[in-house]
Every structure is written in structure tokens, then in C-alpha cells.
Amino acid sequence: MITVTNLHHSFFVGKRSNRQEVPVLQDVNLTVDKGEIVAVIGRSGSGKSTLLNLLSGYIKPTQGEVFIDGTNVTNFSEAEWADFRLDHLGFIFQSFQLIPSMTAFENVELPLMMKGLGEKERKQKVMEMFEKVDLHGLEGNYPSELSGGQQQRVSIARALIVNPPIIFADEPTGSLDTETETELLGFIKYLNEVENITFVIITHDEEVASIANRTIRLENGSIIEKDGALV
Amino acid sequence: MKWKDRLKFIRQNMKKNRSRVFMTVLATAIGCGFLIVLASVGFGAQKYISGQILQDRTITEISIHGKENPSEDERPEVTEKDIKILEDVENVKAVSRKQQVMNDTIIRYDEFMANVPASVVDYPSEIKSGFKLEKGRMPEAENEVIIGFHVKESLYKAPKDGEPIDGKELYNNKGEVKEEYRIEKEQSLLGEEVQLQVSQWIDGKEETKLIPLKIVGIAKEPSRDWMKDNNILISSSTLSKIEQFTGTPLGQAISPDMSEEQVNELKEGGEVKTFSEVKVIANSVENVKSISKTLKDKGYFIYSVTEELEQVNLVFALVKFGLVFIGLIALLIASIGIYNTMSMAVIERTQDIGIMKAIGGHPRMIRNIFLMESAYIGLMGAIVGAVVAYLVSFGINSALPFVIQQAFNETMEQKIELSYIPAYLTAFCVLLSIGVAMLSGLKPARRATRIDVLRALRRDI
Ligand SMILES: Nc1ncnc2c1ncn2[C@@H]1O[C@H](COP(=O)(O)OP(=O)(O)O)[C@@H](O)[C@H]1O
Ligand SMILES: [Mg+2]
């Protein structure tokens, strides 16, 4: 499903005159199979988010190649990435990233709107989705009128609405309390088992990693442990 | 993304900052309205002046005012020979010409009389040039004449004692003959015998001669209601009779204070027949230009409305260009407002745009949303501006008569449309406003597409 080969990434900091290269990821190789939950763990600053941002196309790698769902996305343009994300990827963020001026319904409807679906079809799909994430009746609420757990479920609904085969989650439980976290992890597990959605979850939390089929441990930008074995 | 959804989307966005959008729309409306009103004055003035130029003339007409460099044996006036030349020019339908009797001609009928300018015309040419009769027929016999439509109105009861009547006594304040002097309305002059009176100083005495004539036709009323046709058209043999009596060509009057020399000069001037009011009629408007050129090349002094209109239109094209240019400045200032509003909108919505991009929003879609939003502002401004412009234009035109009355103490006969808004001016200005608005929104829209997802999401790095 996802193949990463020989991935390197460096940030460049400072003004032009004294630009400095800050290497963040070195020689990352990994594969994620269909239907897996893979957890990327590591301490803060180890390069987990950078890895996921590369997979999401938010930044471009300095070196290496990324294949997702059989497509080489390494040299995608912005426009190509946009279409690819809309069709293949769902995203869950630590801080939910809902549009505050839109209702929960409108936030979930947005990807369908971007795909150009008609109003009737959209409404039906969104209502079904609200049932599924157990938020029935809260469609008209604005994000600020929802609890953290509810907001995260709205964001999952938004990720699921276009039926993506893969969902990327960067610290999905980072803003939630323990009880809500457990609930959310259960839901992710359910989606993975019932709907066969592939998850790449980034976390520094061993608890989250416990639902994963496999874990990848990063340290200082390098993979140091894969599937329980040191590399 | 569907158009309908985009529209819903931008409406929602605009609602978030109503007052700012309102002010921007207002600025655009002022710009667009200002542009329309300014240009409308150019259009109104052009329309008025073109109307003035055109009102008593036909656009296929070219007037000939003589020759530029007549040779030794030629006269500067238009002669019989010139008429031939003119008639032979390509695309000339007819050459209308007149020999005006240069005498104080008076028509007498029963006890009534009127001063009527008399002239000889070439009837076939006149008919081709569009001359039409109201009643009667064209003259055939030498003594038969056609009178102008208004000759009857200008007849007045001749005083018994022969003393001329004071104008104040004879005419009312509209310049019409007073009721008590006028001929009865029902009285028709068609078929009536009249007499044409000519006078001349002969041997130190004023002599008059009466030539009996018969009215067989009355010319059609002139197309403009303020034009009066008091002419009488006589035959060339009648003109000969007049010339015989006066001893001068075209019946030119000799005044008692003329010297012997002047009188002789006058008498000898007329071996060659000359014409006044010579008009070449083109067979269509398109040919006026080429005919004008040919005539100029042949050395004639000419004047044509079409040519003058062309010059007037050129002048007004410049005037309108100037006005539109000034109006454009207003619109440009408004565009700065739109640019500012859109830039603010992009900055305010950075997070939203970042989120949209993160989940698959296409840069093109994002750009289009912002472009549409600026176009929408432009459209609303243009509509408001156009409506206001129509109101202002109406106001200007309604207020104009009062202003003129106040300033010049004069009432206007005609209604003057100082501000005239042709539909295409409105369409042009509305499209221009939308265009300018979109252009102003282009840069902010592009900036929106370039928003960095990660920075916008402020994701914990
Ligand atoms: N835009 C950036 N510019 C410079 N350095 C960055 C940038 N983003 C991340 N880094 C650096 O890269 C390293 C890895 O960051 P990140 O991938 O966010 O770690 P994690 O998600 O594992 O906490 C950190 O040292 C961070 O300071
Ligand atoms: Mg991180």
C-alpha cells in the first residue's frame, strides 16, 4: 500500500547568507500493507511528523521515493497531490483542524463538495456518516460547540466521507482525555477490521501503539526498531 | 466543486465581514456609477450635437459652394456646365439646384399678400432628391407654380391705403399672422390665380410689375415642425419675364443709391446662368465619402453632414475617451479597495484554506473561489452603480431645464438630454467593473493558492 525507499529530509534554516542544513530524516525505508495499522512512535522531535508530512505531500523529500497505492507520488505537483489526497487519503489531526465558521455538517460535507457531488447525495451521505460516528443530532453545531472527543469524531467523519483506503493520523489522541482516547482507539480498530482501512498513526504514546499491527520506532530521524526488532 | 456550491461558499464567507464587503461594494459602485455618468454626458452631448447637425438635412446630401480655382473664362459659382459635371459623378442620384430671384417678391391673392422668396428649380432633379407634393400636381404650363406648405399661413390682409403695417400690429408673439389679418382656414389656394409682384428702380422711380400665375401644387410640410416653407417655385420663363422687367439677371434689385457704374456692372453680370443652393444627392450614405472626395478633387467647395458628423464623432470619441479615462481612475481607486478586501479575506481565512488544501482542496478551486468573490463584489458594485447612474442621469436631465431657466432666464423649446446612457455603455461599465474587480482579486487569489499547509495548520512540529 505504501512503500518508502531511501527517504531523506533536511530543513534549511537561517537567512540566505548563512543557510544551515538541518537533517531530520535519514535513510528511511518502510512498507505498509493493505489493512494494516502501523504506528510510528518516537520521542518528540524524532521526525515522526516530518515523515507523515512527506507521505501527505505537505513537504517534498530531499531524497528518496514514496509510492502510495501503486502510484509514485514523489514528484507530484500541488494540483496532482490535491486530487490524490481527495481520492486516496483521509486525515486526522491532533488539533482536529475543523473549519470553525462551518457547522459539523458542513465540515463533513466539504470533501464531497470539493468532489462535485450534488446536494441531495451529499446530504444523504453526511447524515449516514453522522450516525456511524455516533454524532446524530449534532450536525448543526459549530466546532466550538462540541467537546474534544466529538470534534475528533467529526474530523474522522470528514476523513471517512470519501471512502479513502488509507488514513493518516498525527497524534490523534494528543488532545483527548484517557477515556475518550480509549473510545477513539476502539473506533479506529473497528474501522480497520470492519472496513479494512489502512492506518498510519503517529504517536509518542505506547497505549496508542498497542492497537497497531506493527510499530516503527524513530530516533533522531532514523528507524531504530521495526516490528519489535532493532534495525 | 459545483458553481452553486461555490456561490454558497463565497456568500457565507462574505457574511463574515459584512461591513467590509459593504464598503468595498460601495466604493466599486461609486467608481462604476461615476464612470457611467461621466461617459453618459459625452454620449448625451454627442447625441444632441449630431441631432442639431442632422435636423434639417439629409445625410446623403453634399452641398456645393462654388469652385476653388475657376479658370479665366469661368465663374466661381456653379454654372450649367458644372451641373453636367456633377450629374456625371458616379453614384450621384440627383443634383438639386436653385436659381433664386434676387428681388423683393410678393405674392398677391385677392386682398391678401405675403413676402415669398421665389426660385426656379429643375423639377425632375427635385423629385429624385425627394421633393414631394402635399396636394396638386407638378407644373406643366409656364404660368403654373408650386407654393410652400406655409405660404397660406403667411398671407395677410393688405392695407387699403397701401401703407405697410407695423410688424407688432401684424404678428402675435409667436410670430404668426394675427387672427384678424389671416386668410380663412378653409380657403384652399390650390388651383387659384395669384399675382407675383416684383419691383425695380427704373429711371429714379420705383416701378412694380404683377405677373399672373396659377397655383397647381402645394409642397409637403417640412419634416421638422419648426421649419417654415414660404417659397414659391416658378418656371424659368417666368424668371425670364422678371429679368426682362428688372433688366438685371435673376431680377436683382437696383437700389436708388447705386452709382451708374454699379448698375451697369449688375446688369452685365448675368450672361452665364449660375445656381445657388446646389446639392448633390448620393444614392446611398456609404457613397457620400467617395463622392465628396471626387468633388473635392475636381475643385469644388463642398459641405456634407456626413463628413461633419464624422469629424464631430471623432471629436466626441476623444471627449468620451477622456471622460471614461477620468471615470476609470475612480474605478481604479475602487480596485485598490477590492485588492485590500481580498487580501484581508485571504489572510483571515489562511487557516480554512490550509485545512481545505490539507484534505484535498485543489489550488485551482481555491483560486476560483477568491476570484469569484471579487467578481461578485464587482458585480454587486456595478449593479448598484448602474442603478445610481440611471437615477443621477435622470436627475441631471430633469434639473437641466430649471438650471437653464435660472441661469439664462430662458425656457427650452426642445428637451435636451445632457446625460444619455446607451445600453451598451451600461453593459460595458458593468463588465469593466467585474473585470477590474477580478483583476484586483487575482493576486490575493494566487496568494491563497500558495498558502503553506503546515504553516496554516500550525501543526505541532
Ligand atoms: N519547518 C521546519 N524547519 C526547521 N526545522 C524543522 C521544521 N519542522 C520540523 N523541524 C525539526 O525537525 C525535527 C523533527 O520534527 P518533527 O518531525 O515535528 O518531530 P516529531 O513529530 O517527532 O515531534 C525537529 O528537530 C524539528 O525542530
Ligand atoms: Mg509531531
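Please read these numbers as outputs of a predicted model, since none were measured by experiment.

Peer 1: Can you explain the overall build of chain B? Please cite residues and give values.
Peer 2: If you tally the helices and strands in chain B, you get 14 helices and 14 strands. By principal-axis analysis of the C-alpha atoms, chain B measures approximately 125 × 55 × 40 Å. Expressed as a percentage of its 461 residues, the buried residues of chain B come to 46%. In chain B, 76% of the contacts between residues at least 6 apart in sequence involve partners at least 24 apart. By element, 56% of the accessible surface of chain B is carried by carbon and sulfur atoms, the whole surface being about 25,200 Å².

Peer 1: Please provide a residue-by-residue account of the sheet that holds strand β1 (residues 2-13) of chain A, values included.
Peer 2: Residue and element names in this part refer to chain A. The strand order β2-β1-β4-β5 describes an open sheet built from four strands, whose pairing is antiparallel. Strand pairing shows two members of the sheet lacking a second neighbour, β2 (20-32) and β5 (71-72), which therefore form its edges. Relative to strand β4 (residues 63-68), β1 runs antiparallel, the two being bridged by five bridges. What sits directly across from Thr 3, in β4, is Phe 67.

Peer 1: Provide a residue-level description of the packing of aromatic side chains, including the pertinent values.
Peer 2: All told, the structure shown has eight aromatic pairs over all chains when counted by the stated rule. Pairing Phe 187 of chain A with Tyr 190 of chain A gives two aromatic rings, centres 6.0 Å apart and planes at 15°, and the pair type is stacked. On the criterion of helical spacing, the pair formed by Phe 187 of chain A and Tyr 190 of chain A is a turn pair, its members being three residues apart in helix α6 (residues 178-195). Among the aromatic residues, ring-to-ring pairing joins Tyr 58, Phe 91, Phe 93 and Phe 168 of chain A into one connected group. Above the ring of Trp 3 of chain B, the side-chain terminus of Arg 6 of chain B is found at 5.1 Å from the ring centroid.

Peer 1: Residue-level account of the interface of chain B and chain A, with values.
Peer 2: Across the boundary between the two partners, chain B contributes 26 residues, which contact 33 residues of chain A. Note on chain B versus chain A: buried area summed over both sides is about 2,700 Å², and carbon and sulfur give 55% of it. Scanning the region where chain B abuts chain A turns up three salt bridges. Across the pair Arg 122 of chain A and Asp 5 of chain B runs a salt bridge, and its minimum N-O distance is 2.6 Å. For the pair chain B and chain A, the interface holds nine residue pairs in polar contact (both at pLDDT 80 or more). Tallying contributions element by element places helix α11 (residues 350-358) of chain B first for the side of chain B that touches chain A, with six residues. Here the side of chain B that touches chain A is composed, by residue class, of eleven nonpolar, six polar and nine charged.

Peer 1: Mind laying out the nonpolar core, listing which residues take part and the relevant values?
Peer 2: Membership of the largest hydrophobic core comes to 69 residues, with the highest contact counts inside it found for Ile 2, Ile 68 and Phe 168 of chain A together with Phe 370 of chain B. Examining the composition of this core, we find that eight residues originate from one element, helix α12 (residues 363-408) of chain B, more than from any other. Leaving out residues up to four positions away in the same chain, Phe 370 of chain B has contacts with Met 342, Ala 345, Val 346, Arg 349, Ile 353, Ala 445 and Ala 448 of chain B.

Peer 1: So what about the pairing of strand β14 (residues 300-304) of chain B? Which residues, and what values?
Peer 2: Residue and element names in this part refer to chain B. What you see with β14 is a clean split: Tyr 300, Ile 302 and Ser 304 sit on the buried side and Phe 301 and Tyr 303 on the side with no burial. Sheet analysis places strand β1 (residues 61-67) next to β14, joined by four bridges and oriented antiparallel. Bridge pairing links Ser 63 to Tyr 303 in β14.

Peer 1: Just give me the short version of the domain arrangement of chain B, but keep the residues and values in it.
Peer 2: Interfaces are often sized by the accessible area lost when the parts come together. Once the domains are mapped, chain B shows domain 1 (3-56 + 311-457) and domain 2 (94-279). On a C-alpha basis, the centroid separation for the pair domain 1 of chain B and domain 2 of chain B is 61 Å.

Peer 1: Let's hear about a positive patch on the surface: which residues, and what values?
Peer 2: Residues Arg 364, Arg 367, Arg 446 and Arg 450 of chain B make up a contiguous surface patch of positive charge. Here Arg 364 of chain B shows up in helix α12.

Peer 1: How would you sum up helix α3 (residues 104-115) of chain A? Please name residues and give values.
Peer 2: Among the twelve residues that make up α3 of chain A, eleven are buried, leaving the element largely enclosed by the rest of the structure. Listed in full, the buried residues belonging to α3 of chain A are Ala 104, Phe 105, Glu 106, Asn 107, Val 108, Glu 109, Leu 110, Pro 111, Leu 112, Met 113 and Met 114 of chain A. Contacts made by the buried residues of α3 of chain A are with α2 (78-88), α4 (119-132) and α5 (148-160) of chain A together with α1 (3-15), α11 and α12 of chain B. Two residues or fewer after α3 of chain A comes Gly 116 of chain A, characterised by a positive phi angle close to 85°.

Peer 1: How would you summarise the side chain of Glu 126 of chain B if you had to cite specific residues and measurements?
Peer 2: Residue and element names in this part refer to chain B. With respect to the secondary-structure elements, Glu 126 resides in helix α4 (residues 123-128). Buried Glu 126, no salt bridge; nearest opposite-charge side chain is Arg 97, N-O distance 6.9 Å. When residues no more than four places from it in sequence are discounted, the contact partners of Glu 126 are Ser 96, Arg 97, Val 121 and Phe 131.

Peer 1: Quick rundown of the pattern of salt bridges? Include the residues and the values.
Peer 2: Any two side chains of opposite charge can pair, so long as their charged atoms come close to each other. Residue and element names in this part refer to chain B. Under the defined criterion, the tally for this structure stands at 24 salt bridges over all chains. When the shortest N-O distance is used, the salt bridge between Arg 97 and Glu 87 registers 3.2 Å. Here the residue Arg 97 occupies a position in strand β3 (residues 92-100), and Glu 87 occupies one in helix α3 (residues 80-88), the gap between them amounting to ten residues. Judged by relative accessible area, Arg 97 falls into the buried class, the value being 9%. Several salt bridges converge on common partners, so that one network encompasses Lys 84, Glu 87, Arg 97 and Asp 122.

Cut-offs used in this document
- Residues numbered from 1 in each chain as written.
- Chains lettered and ligands numbered in written order.
- Predicted model: local features only at pLDDT ≥ 70, side-chain atom pairs only at ≥ 80, totals over all residues.
- Heavy atoms only, no water.
- Helix = DSSP H or I, 4+ residues; strand = E, 2+ residues; numbered from the N terminus.
- Buried < 20%, exposed > 50% of the residue type's maximum accessible area, 1.4 Å probe, protein only.
- Contact = heavy atoms within 4.5 Å.
- Areas by Shrake-Rupley, 256 points an atom, 1.4 Å probe, with all protein chains shown as cover.
- Pairing = 2+ DSSP bridges.
- Phe/Tyr/Trp six-rings, centres within 6.5 Å; stacked < 30°, edge-to-face > 60°.
- Lys NZ or Arg CZ within 6 Å of the ring centre and 35° of its normal.
- Buried area = accessible area lost by both parts, 1.4 Å probe.
- Salt bridge = Lys/Arg side-chain N within 4 Å of Asp/Glu carboxyl O.
- Polar contact = N/O pair within 3.5 Å; in protein donor to acceptor, adjacent residues only side chain to side chain.
- Nonpolar A, V, L, I, M, F, W, Y, C, P; charged D, E, K, R; others polar.
- Core = buried A, V, L, I, M, F, W, Y, C linked by side-chain atoms within 4.5 Å.
- Domains from an automatic or database assignment.
- Patch = residues over 30% accessible without salt bridge, like charges linked within 9 Å, V, L, I, M, F, W, Y side chains within 5 Å.
- Lys, Arg positive; Asp, Glu negative; His and termini not counted.
- Charge placed at Lys NZ, Arg CZ, Asp CG, Glu CD.

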